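Fold and contact review
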Number of protein chains: 2
Amino acid sequence: MSHQTLIAYINRQIASPLTEEECALIQEYFVPKKLRKHQFLLQEGDISKWAGFVVKGALKMYTVDETGRENILGLFLENWWAGDRESFANGTPSPYFIDAFEDSELLVMTKEVFNAHFKNQRFVAELTRTLTERQALKLLKRVHATKTLTAEQRLIDLEKTYPEFIQRFPQHIIASYLGMTKETLSRIRAQMIKK
Amino acid sequence: MSHQTLIAYINRQIASPLTEEECALIQEYFVPKKLRKHQFLLQEGDISKWAGFVVKGALKMYTVDETGRENILGLFLENWWAGDRESFANGTPSPYFIDAFEDSELLVMTKEVFNAHFKNQRFVAELTRTLTERQALKLLKRVHATKTLTAEQRLIDLEKTYPEFIQRFPQHIIASYLGMTKETLSRIRAQMIKK
DNA sequence: AAAAAGCGTTGACATAGATCAACGTTCATC
DNA sequence: GATGAACGTTGATCTATGTCAACGCTTTTT
(Lines give C-alpha, C1' and ligand atoms only; values in the text may rest on other atoms or scores of the structure.)
Protein backbone atom coordinates (compact mmCIF):
# COMPACT_ATOMS: atom_id res chain seq x y z
CA MET A 1 0.00 0.00 0.00
CA SER A 2 2.70 2.42 0.91
CA HIS A 3 4.23 1.72 -2.48
CA GLN A 4 1.19 3.39 -4.01
CA THR A 5 2.21 6.61 -2.31
CA LEU A 6 5.61 6.40 -3.90
CA ILE A 7 4.22 5.53 -7.31
CA ALA A 8 1.75 8.38 -7.17
CA TYR A 9 4.55 10.72 -6.13
CA ILE A 10 6.80 9.66 -9.01
CA ASN A 11 3.96 10.05 -11.47
CA ARG A 12 3.56 13.62 -10.32
CA GLN A 13 7.20 14.32 -11.08
CA ILE A 14 7.53 12.81 -14.52
CA ALA A 15 6.00 13.58 -17.89
CA SER A 16 4.47 10.25 -18.89
CA PRO A 17 3.20 7.94 -16.14
CA LEU A 18 4.92 4.78 -14.97
CA THR A 19 4.20 1.63 -16.92
CA GLU A 20 2.98 -1.59 -15.32
CA GLU A 21 6.47 -3.06 -15.34
CA GLU A 22 7.99 0.03 -13.83
CA CYS A 23 5.43 -0.06 -11.05
CA ALA A 24 6.17 -3.72 -10.49
CA LEU A 25 9.85 -2.93 -10.22
CA ILE A 26 9.19 -0.36 -7.56
CA GLN A 27 6.94 -2.67 -5.63
CA GLU A 28 9.49 -5.43 -5.74
CA TYR A 29 12.66 -3.58 -4.93
CA PHE A 30 11.75 -0.71 -2.69
CA VAL A 31 11.57 -2.23 0.75
CA PRO A 32 9.88 -0.76 3.81
CA LYS A 33 12.12 0.40 6.60
CA LYS A 34 10.85 1.63 9.92
CA LEU A 35 12.82 4.02 12.04
CA ARG A 36 11.92 4.76 15.61
CA LYS A 37 12.47 8.21 16.95
CA HIS A 38 16.19 8.94 17.33
CA GLN A 39 17.31 6.08 15.11
CA PHE A 40 19.82 6.96 12.44
CA LEU A 41 19.38 6.58 8.72
CA LEU A 42 22.92 7.81 8.24
CA GLN A 43 25.81 8.73 10.49
CA GLU A 44 28.74 11.01 9.85
CA GLY A 45 31.59 9.12 8.25
CA ASP A 46 29.38 6.35 6.93
CA ILE A 47 28.74 5.76 3.29
CA SER A 48 25.06 6.23 2.64
CA LYS A 49 23.55 2.78 2.18
CA TRP A 50 20.04 3.86 1.43
CA ALA A 51 18.13 6.04 -0.90
CA GLY A 52 14.91 6.53 0.94
CA PHE A 53 11.46 7.93 0.34
CA VAL A 54 9.56 9.13 3.39
CA VAL A 55 6.12 7.55 3.52
CA LYS A 56 5.38 8.70 7.02
CA GLY A 57 7.24 10.58 9.68
CA ALA A 58 9.88 13.27 9.95
CA LEU A 59 13.66 13.25 9.70
CA LYS A 60 16.43 15.77 10.09
CA MET A 61 19.82 16.07 8.47
CA TYR A 62 22.56 17.83 10.39
CA THR A 63 26.18 18.14 11.34
CA VAL A 64 27.55 18.15 14.86
CA ASP A 65 30.30 20.58 15.77
CA GLU A 66 33.13 20.13 18.30
CA THR A 67 30.97 21.38 21.14
CA GLY A 68 28.23 18.90 20.33
CA ARG A 69 25.85 21.38 18.80
CA GLU A 70 23.62 20.25 15.99
CA ASN A 71 23.41 22.31 12.87
CA ILE A 72 20.34 21.44 10.86
CA LEU A 73 20.81 21.43 7.10
CA GLY A 74 17.65 19.76 5.96
CA LEU A 75 14.30 18.56 7.19
CA PHE A 76 12.28 15.80 5.56
CA LEU A 77 8.59 15.01 5.84
CA GLU A 78 6.17 12.76 3.99
CA ASN A 79 6.76 12.59 0.25
CA TRP A 80 10.36 13.69 0.40
CA TRP A 81 13.53 11.84 -0.37
CA ALA A 82 15.80 11.53 2.60
CA GLY A 83 19.46 10.81 2.20
CA ASP A 84 22.82 12.21 1.25
CA ARG A 85 22.70 12.05 -2.52
CA GLU A 86 26.42 12.66 -2.89
CA SER A 87 27.45 9.88 -0.55
CA PHE A 88 24.97 7.45 -2.09
CA ALA A 89 25.93 8.28 -5.66
CA ASN A 90 29.69 8.50 -5.25
CA GLY A 91 30.23 6.11 -2.37
CA THR A 92 32.02 8.78 -0.38
CA PRO A 93 31.72 9.07 3.41
CA SER A 94 29.00 11.46 4.42
CA PRO A 95 29.64 14.50 6.58
CA TYR A 96 26.05 14.40 7.78
CA PHE A 97 23.81 12.69 10.26
CA ILE A 98 20.25 11.86 9.36
CA ASP A 99 17.93 10.60 12.04
CA ALA A 100 14.26 10.09 12.65
CA PHE A 101 12.69 12.91 14.54
CA GLU A 102 9.41 11.02 14.80
CA ASP A 103 8.77 7.31 14.33
CA SER A 104 8.98 7.05 10.57
CA GLU A 105 8.35 4.74 7.67
CA LEU A 106 10.51 4.86 4.61
CA LEU A 107 10.75 2.92 1.40
CA VAL A 108 14.39 2.32 0.67
CA MET A 109 16.69 0.75 -1.84
CA THR A 110 20.38 -0.04 -1.62
CA LYS A 111 23.01 1.01 -4.08
CA GLU A 112 23.21 -2.58 -5.39
CA VAL A 113 19.51 -2.65 -6.10
CA PHE A 114 19.75 0.75 -7.70
CA ASN A 115 22.56 -0.33 -10.00
CA ALA A 116 20.94 -3.64 -10.86
CA HIS A 117 17.39 -2.51 -11.49
CA PHE A 118 16.93 1.23 -11.63
CA LYS A 119 20.06 2.87 -12.91
CA ASN A 120 19.07 2.71 -16.56
CA GLN A 121 15.34 3.28 -16.23
CA ARG A 122 14.12 6.27 -18.15
CA PHE A 123 11.91 7.40 -15.28
CA VAL A 124 14.83 7.39 -12.87
CA ALA A 125 16.84 9.70 -15.10
CA GLU A 126 13.91 12.06 -15.39
CA LEU A 127 13.11 11.93 -11.70
CA THR A 128 16.64 12.55 -10.47
CA ARG A 129 17.09 15.36 -12.93
CA THR A 130 13.94 17.07 -11.73
CA LEU A 131 14.80 16.60 -8.10
CA THR A 132 18.40 17.72 -8.35
CA GLU A 133 17.43 20.79 -10.32
CA ARG A 134 14.80 21.71 -7.81
CA GLN A 135 17.21 21.17 -4.96
CA ALA A 136 19.80 23.40 -6.61
CA LEU A 137 17.28 26.21 -7.05
CA LYS A 138 16.15 25.99 -3.46
CA LEU A 139 19.69 26.04 -2.23
CA LEU A 140 20.60 29.07 -4.30
CA LYS A 141 17.65 30.89 -2.79
CA ARG A 142 18.70 29.77 0.64
CA VAL A 143 22.23 31.05 0.14
CA HIS A 144 20.79 34.35 -0.91
CA ALA A 145 18.36 34.43 2.00
CA THR A 146 20.97 33.70 4.65
CA LYS A 147 23.15 36.43 3.23
CA THR A 148 20.62 39.17 2.80
CA LEU A 149 17.69 38.64 5.13
CA THR A 150 17.37 39.35 8.84
CA ALA A 151 16.40 36.62 11.25
CA GLU A 152 12.80 37.83 11.22
CA GLN A 153 12.58 37.90 7.45
CA ARG A 154 13.95 34.40 7.22
CA LEU A 155 11.28 33.17 9.60
CA ILE A 156 8.53 34.85 7.62
CA ASP A 157 9.98 33.35 4.49
CA LEU A 158 9.93 29.88 6.01
CA GLU A 159 6.36 30.32 7.17
CA LYS A 160 5.42 30.93 3.57
CA THR A 161 7.59 28.30 1.96
CA TYR A 162 7.27 25.39 4.37
CA PRO A 163 4.51 26.08 6.89
CA GLU A 164 4.46 22.37 7.67
CA PHE A 165 7.99 22.57 9.07
CA ILE A 166 6.85 25.01 11.69
CA GLN A 167 3.97 22.82 12.69
CA ARG A 168 5.91 19.59 12.84
CA PHE A 169 9.28 20.54 14.26
CA PRO A 170 10.01 22.17 17.62
CA GLN A 171 11.38 25.66 17.67
CA HIS A 172 14.97 24.85 18.43
CA ILE A 173 15.12 22.71 15.29
CA ILE A 174 13.55 25.42 13.19
CA ALA A 175 15.95 27.95 14.67
CA SER A 176 18.95 25.87 13.72
CA TYR A 177 17.55 25.27 10.24
CA LEU A 178 17.20 29.02 9.85
CA GLY A 179 20.70 29.63 11.13
CA MET A 180 19.86 31.32 14.40
CA THR A 181 19.67 30.34 18.07
CA LYS A 182 16.48 29.18 19.74
CA GLU A 183 16.58 32.27 21.96
CA THR A 184 16.62 34.58 18.98
CA LEU A 185 13.77 32.71 17.37
CA SER A 186 11.77 32.88 20.58
CA ARG A 187 12.30 36.63 20.89
CA ILE A 188 11.43 37.25 17.27
CA ARG A 189 8.18 35.39 17.64
CA ALA A 190 7.27 37.27 20.80
CA GLN A 191 7.97 40.51 18.99
CA MET A 192 5.97 39.53 15.91
CA ILE A 193 2.90 38.69 17.93
CA LYS A 194 2.91 42.16 19.49
CA LYS A 195 2.68 43.83 16.11
CA MET B 1 39.17 27.51 -32.22
CA SER B 2 37.31 28.53 -29.14
CA HIS B 3 34.91 25.69 -29.83
CA GLN B 4 37.78 23.31 -29.15
CA THR B 5 37.91 24.62 -25.60
CA LEU B 6 34.24 23.84 -25.14
CA ILE B 7 34.55 20.41 -26.71
CA ALA B 8 37.53 19.55 -24.55
CA TYR B 9 35.62 20.75 -21.52
CA ILE B 10 32.58 18.63 -22.30
CA ASN B 11 34.76 15.59 -22.91
CA ARG B 12 36.17 16.01 -19.45
CA GLN B 13 32.67 15.94 -17.96
CA ILE B 14 31.20 12.93 -19.71
CA ALA B 15 32.03 9.24 -19.73
CA SER B 16 32.52 8.51 -23.44
CA PRO B 17 33.89 11.27 -25.65
CA LEU B 18 31.88 13.30 -28.12
CA THR B 19 31.41 11.79 -31.55
CA GLU B 20 32.26 13.61 -34.77
CA GLU B 21 28.64 14.52 -35.33
CA GLU B 22 28.24 15.82 -31.82
CA CYS B 23 31.31 17.98 -32.21
CA ALA B 24 29.99 19.27 -35.50
CA LEU B 25 26.71 20.17 -33.82
CA ILE B 26 28.54 22.17 -31.19
CA GLN B 27 30.64 23.96 -33.75
CA GLU B 28 27.64 24.83 -35.81
CA TYR B 29 25.21 25.97 -33.14
CA PHE B 30 27.24 27.47 -30.34
CA VAL B 31 27.92 31.00 -31.47
CA PRO B 32 30.57 33.37 -30.12
CA LYS B 33 29.36 36.33 -28.13
CA LYS B 34 31.62 39.06 -26.88
CA LEU B 35 30.78 41.13 -23.87
CA ARG B 36 32.67 44.27 -22.98
CA LYS B 37 33.18 45.09 -19.35
CA HIS B 38 29.89 46.11 -17.70
CA GLN B 39 27.70 44.68 -20.44
CA PHE B 40 24.87 42.47 -19.29
CA LEU B 41 24.32 38.85 -20.18
CA LEU B 42 21.10 38.92 -18.18
CA GLN B 43 19.09 41.54 -16.34
CA GLU B 44 16.66 41.13 -13.51
CA GLY B 45 13.17 40.53 -14.82
CA ASP B 46 14.35 39.23 -18.17
CA ILE B 47 13.95 35.68 -19.30
CA SER B 48 17.38 34.23 -19.81
CA LYS B 49 17.96 34.04 -23.57
CA TRP B 50 21.35 32.41 -23.46
CA ALA B 51 23.06 29.39 -22.10
CA GLY B 52 26.67 30.42 -22.22
CA PHE B 53 30.07 28.90 -21.77
CA VAL B 54 32.85 31.25 -20.73
CA VAL B 55 35.81 30.93 -23.06
CA LYS B 56 37.61 33.96 -21.74
CA GLY B 57 36.88 36.62 -19.19
CA ALA B 58 35.03 36.97 -15.93
CA LEU B 59 31.37 37.53 -15.06
CA LYS B 60 29.37 38.04 -11.92
CA MET B 61 25.82 37.13 -10.98
CA TYR B 62 24.07 39.24 -8.39
CA THR B 63 20.92 40.86 -7.11
CA VAL B 64 20.46 44.53 -6.35
CA ASP B 65 18.58 45.60 -3.24
CA GLU B 66 16.41 48.67 -2.67
CA THR B 67 19.40 50.77 -1.68
CA GLY B 68 21.27 49.81 -4.83
CA ARG B 69 23.69 47.45 -3.19
CA GLU B 70 24.90 44.47 -5.17
CA ASN B 71 24.79 41.07 -3.59
CA ILE B 72 27.05 38.65 -5.40
CA LEU B 73 25.70 35.13 -5.74
CA GLY B 74 28.07 33.66 -8.24
CA LEU B 75 31.28 34.35 -10.07
CA PHE B 76 32.21 32.82 -13.40
CA LEU B 77 35.61 32.44 -15.02
CA GLU B 78 36.98 30.52 -18.00
CA ASN B 79 35.50 27.05 -18.44
CA TRP B 80 32.35 27.77 -16.48
CA TRP B 81 28.77 27.98 -17.60
CA ALA B 82 27.27 31.38 -16.99
CA GLY B 83 23.55 31.86 -16.84
CA ASP B 84 20.44 31.41 -14.78
CA ARG B 85 19.60 27.77 -15.37
CA GLU B 86 16.13 28.10 -13.93
CA SER B 87 15.14 31.02 -16.11
CA PHE B 88 16.59 29.43 -19.21
CA ALA B 89 15.00 26.06 -18.58
CA ASN B 90 11.57 27.20 -17.43
CA GLY B 91 11.24 30.48 -19.24
CA THR B 92 10.59 32.34 -16.00
CA PRO B 93 11.86 35.88 -15.38
CA SER B 94 15.17 35.87 -13.62
CA PRO B 95 15.74 37.60 -10.30
CA TYR B 96 19.42 38.02 -11.13
CA PHE B 97 21.76 40.24 -13.04
CA ILE B 98 24.75 38.78 -14.82
CA ASP B 99 27.32 41.10 -16.30
CA ALA B 100 30.84 41.01 -17.60
CA PHE B 101 33.38 42.05 -15.05
CA GLU B 102 36.13 41.93 -17.65
CA ASP B 103 35.83 41.95 -21.42
CA SER B 104 34.69 38.41 -22.06
CA GLU B 105 34.10 35.86 -24.77
CA LEU B 106 31.35 33.33 -24.47
CA LEU B 107 29.94 30.61 -26.64
CA VAL B 108 26.19 30.76 -26.42
CA MET B 109 23.07 29.07 -27.63
CA THR B 110 19.48 30.17 -27.48
CA LYS B 111 16.61 28.20 -26.13
CA GLU B 112 15.34 27.56 -29.66
CA VAL B 113 18.65 26.12 -30.72
CA PHE B 114 18.75 24.06 -27.57
CA ASN B 115 15.31 22.63 -28.19
CA ALA B 116 15.92 22.00 -31.85
CA HIS B 117 19.37 20.46 -31.72
CA PHE B 118 20.58 19.60 -28.26
CA LYS B 119 17.64 18.74 -26.08
CA ASN B 120 17.66 15.05 -26.88
CA GLN B 121 21.39 14.47 -27.19
CA ARG B 122 22.73 11.88 -24.81
CA PHE B 123 25.73 14.00 -23.94
CA VAL B 124 23.53 16.93 -22.98
CA ALA B 125 21.60 14.82 -20.51
CA GLU B 126 24.80 13.55 -18.98
CA LEU B 127 26.41 16.95 -18.88
CA THR B 128 23.51 18.76 -17.30
CA ARG B 129 23.07 16.02 -14.75
CA THR B 130 26.72 16.24 -13.74
CA LEU B 131 26.68 20.01 -13.58
CA THR B 132 23.46 20.31 -11.66
CA GLU B 133 24.55 17.72 -9.15
CA ARG B 134 27.82 19.42 -8.62
CA GLN B 135 26.11 22.76 -8.25
CA ALA B 136 23.74 21.35 -5.65
CA LEU B 137 26.61 19.93 -3.61
CA LYS B 138 28.51 23.18 -3.69
CA LEU B 139 25.45 25.10 -2.65
CA LEU B 140 24.73 22.81 0.26
CA LYS B 141 28.28 23.33 1.47
CA ARG B 142 27.89 27.04 1.03
CA VAL B 143 24.68 27.10 3.07
CA HIS B 144 26.49 25.22 5.78
CA ALA B 145 29.52 27.49 5.60
CA THR B 146 27.54 30.71 5.84
CA LYS B 147 25.71 29.33 8.84
CA THR B 148 28.60 27.93 10.81
CA LEU B 149 31.82 29.67 9.85
CA THR B 150 33.18 33.06 10.88
CA ALA B 151 34.10 35.66 8.30
CA GLU B 152 37.75 34.69 8.58
CA GLN B 153 37.08 30.99 8.16
CA ARG B 154 34.97 31.65 5.09
CA LEU B 155 37.80 33.60 3.52
CA ILE B 156 40.31 30.84 4.24
CA ASP B 157 37.87 28.37 2.78
CA LEU B 158 37.54 30.40 -0.39
CA GLU B 159 41.30 30.73 -0.71
CA LYS B 160 41.45 26.94 -0.76
CA THR B 161 38.45 26.29 -2.95
CA TYR B 162 38.73 29.04 -5.54
CA PRO B 163 42.08 30.79 -5.26
CA GLU B 164 41.54 32.15 -8.75
CA PHE B 165 38.57 34.19 -7.53
CA ILE B 166 40.78 36.07 -5.15
CA GLN B 167 43.29 36.83 -7.85
CA ARG B 168 40.80 37.89 -10.46
CA PHE B 169 38.16 39.80 -8.57
CA PRO B 170 38.61 42.91 -6.42
CA GLN B 171 38.04 42.66 -2.71
CA HIS B 172 34.65 44.27 -2.54
CA ILE B 173 33.32 41.65 -4.94
CA ILE B 174 34.88 38.83 -2.95
CA ALA B 175 33.49 40.32 0.24
CA SER B 176 29.98 40.37 -1.15
CA TYR B 177 30.35 36.84 -2.46
CA LEU B 178 31.38 35.75 1.01
CA GLY B 179 28.49 37.60 2.62
CA MET B 180 30.43 40.31 4.42
CA THR B 181 31.26 43.97 3.84
CA LYS B 182 34.43 45.12 2.16
CA GLU B 183 35.52 46.75 5.41
CA THR B 184 35.27 43.49 7.29
CA LEU B 185 37.21 41.67 4.61
CA SER B 186 39.90 44.33 4.66
CA ARG B 187 40.26 44.10 8.43
CA ILE B 188 40.37 40.34 8.38
CA ARG B 189 43.14 40.34 5.83
CA ALA B 190 45.16 42.88 7.79
CA GLN B 191 44.75 40.72 10.85
CA MET B 192 45.71 37.53 9.05
CA ILE B 193 48.93 39.01 7.72
CA LYS B 194 50.02 39.93 11.21
CA LYS B 195 49.81 36.34 12.38
C1' DA C 1 4.47 9.34 41.98
C1' DA C 2 8.94 10.95 41.34
C1' DA C 3 12.68 12.03 38.51
C1' DA C 4 14.51 13.43 34.40
C1' DA C 5 14.56 15.12 29.94
C1' DG C 6 12.90 18.19 26.41
C1' DC C 7 11.17 22.51 25.27
C1' DG C 8 10.26 27.45 25.33
C1' DT C 9 10.90 32.00 27.62
C1' DT C 10 13.22 35.83 29.65
C1' DG C 11 17.10 38.66 31.40
C1' DA C 12 21.91 40.41 31.54
C1' DC C 13 25.79 40.74 29.05
C1' DA C 14 29.26 40.03 25.21
C1' DT C 15 30.77 40.40 20.47
C1' DA C 16 31.19 39.82 15.48
C1' DG C 17 30.31 42.33 12.05
C1' DA C 18 27.69 46.41 9.92
C1' DT C 19 27.49 51.23 9.11
C1' DC C 20 29.17 55.79 8.32
C1' DA C 21 32.78 58.69 7.24
C1' DA C 22 37.27 60.25 5.95
C1' DC C 23 41.43 59.59 3.44
C1' DG C 24 45.23 57.79 0.24
C1' DT C 25 46.32 55.13 -4.08
C1' DT C 26 45.99 53.68 -8.37
C1' DC C 27 44.05 53.76 -12.69
C1' DA C 28 41.37 55.15 -16.62
C1' DT C 29 39.65 58.96 -19.44
C1' DC C 30 39.45 63.45 -21.48
C1' DG D 1 48.73 66.12 -17.20
C1' DA D 2 44.43 66.80 -14.82
C1' DT D 3 40.18 64.95 -13.07
C1' DG D 4 37.38 61.74 -11.32
C1' DA D 5 36.22 56.87 -10.70
C1' DA D 6 37.19 52.68 -8.47
C1' DC D 7 39.41 50.48 -4.86
C1' DG D 8 41.25 49.53 -0.33
C1' DT D 9 42.22 51.02 4.52
C1' DT D 10 41.36 52.70 9.06
C1' DG D 11 38.73 54.68 12.93
C1' DA D 12 34.49 55.52 15.70
C1' DT D 13 30.25 53.90 16.72
C1' DC D 14 26.03 51.00 16.46
C1' DT D 15 23.24 46.83 16.39
C1' DA D 16 21.62 42.29 15.56
C1' DT D 17 22.38 38.24 17.32
C1' DG D 18 24.98 34.95 20.28
C1' DT D 19 26.09 33.26 24.94
C1' DC D 20 25.15 32.00 29.52
C1' DA D 21 22.08 31.23 33.09
C1' DA D 22 17.83 30.68 35.51
C1' DC D 23 13.06 29.36 35.56
C1' DG D 24 8.54 27.04 34.52
C1' DC D 25 5.84 23.85 31.92
C1' DT D 26 5.09 19.50 29.59
C1' DT D 27 6.11 15.02 28.41
C1' DT D 28 8.50 10.86 28.92
C1' DT D 29 10.79 7.39 31.60
C1' DT D 30 11.45 4.77 35.67
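Shown above is the structure to which this text applies.
Throughout, a residue's number is its position along its own chain's written sequence, starting from 1. Chain letters start at A and ligand numbers start at 1, both assigned in the order the entries are written. Residue-level local features of this predicted model are given only where pLDDT is at least 70; pairs of side-chain atoms are given and counted only at 80 or more, and the full residue set underlies all totals for whole chains, interfaces and linings. Side-chain metrics rest on all non-hydrogen atoms present in the structure, leaving aside hydrogens and water.

Around DNA strand C sit 15 residues, and of these Gln 171 and His 172 of chain A together with Ala 151, Thr 184 and Arg 187 of chain B come closest. Proximity criterion: a residue is near a molecule or strand once any of its heavy atoms comes within 4 Å of it. Among atoms of DNA strand C positioned within 4 Å of the protein, sugar and phosphate together represent 63%. As used in this structure description, the phrase polar contact means that two N or O atoms lie within 3.5 Å; if the pair is within protein, one of them must be able to donate a hydrogen and the other to accept it, and residues adjacent in sequence are counted only when both atoms belong to side chains. Taking Thr 181 of chain B, its side chain carries an N or O atom lying 3.1 Å from a phosphate oxygen of DNA strand C. In this structure, Arg 187 of chain B approaches DNA strand C through a side-chain N or O atom, which is 2.9 Å from a base oxygen. Residues were grouped as follows: Ala, Val, Leu, Ile, Met, Phe, Trp, Tyr, Cys and Pro as nonpolar; Asp, Glu, Lys and Arg as charged; and all remaining residues, including Gly, as polar. Within the surface near DNA strand C, the residues separate by chemical class into three nonpolar, seven polar and five charged.

The backbone phi angle of Asn 79 of chain A is positive, close to 65°, even though this residue is not glycine. To qualify as a helix, a DSSP run of H or I must reach at least 4 residues; to qualify as a strand, a run of E must reach at least 2; elements of each kind are numbered from the N terminus. With respect to the helices, strands and loops of the structure, Asn 79 of chain A is situated in the loop between strand S5 (70-76) and strand S6 (81-82). Backbone geometry at His 38 of chain B places phi at a positive 80°, although glycine is not the residue there. Looking at where His 38 of chain B falls in the secondary structure, it is placed in the loop between strand S1 (31-35) and strand S2 (40-42). The class for His 38 of chain B is exposed, based on a relative accessible area of 58%. Burial classification: accessible surface area is computed with a 1.4 Å probe over protein chains only, and a residue below 20% of its type maximum counts as buried, one above 50% as exposed, and the rest as partly exposed.

Our next topic: the interface of chain A and chain B. Should any heavy atoms of two residues lie within 4.5 Å, those residues are counted as being in contact. Counting from both sides, the interface comprises 24 residues of chain A and, opposite them, 24 residues of chain B. Using a 1.4 Å probe, buried area is obtained as the accessible area two parts lose upon being combined, added over both of them. Both faces combined, the contact of chain A with chain B buries some 2400 Å², and carbon together with sulfur accounts for 70% of it. For chain A, the biggest contributors to the area lost against chain B are Leu 140, Val 143 and Lys 147 of chain A; these three give 26% of the whole. Salt bridge, as applied in this entry: a Lys or Arg side-chain nitrogen positioned within 4 Å of an Asp or Glu carboxyl oxygen. Linking chain A with chain B are one salt bridge. A salt bridge links Lys 141 of chain A to Glu 86 of chain B, with the nearest nitrogen and oxygen atoms 4.0 Å apart. Applying the counting criterion to the chain A and chain B interface returns ten residue pairs in polar contact (both at pLDDT 80 or more). Elements supplying a minimum of two residues to the side of chain A that touches chain B: strand S4 (59-64), S5, helix H5 (122-148) and helix H8 (171-178) of chain A.

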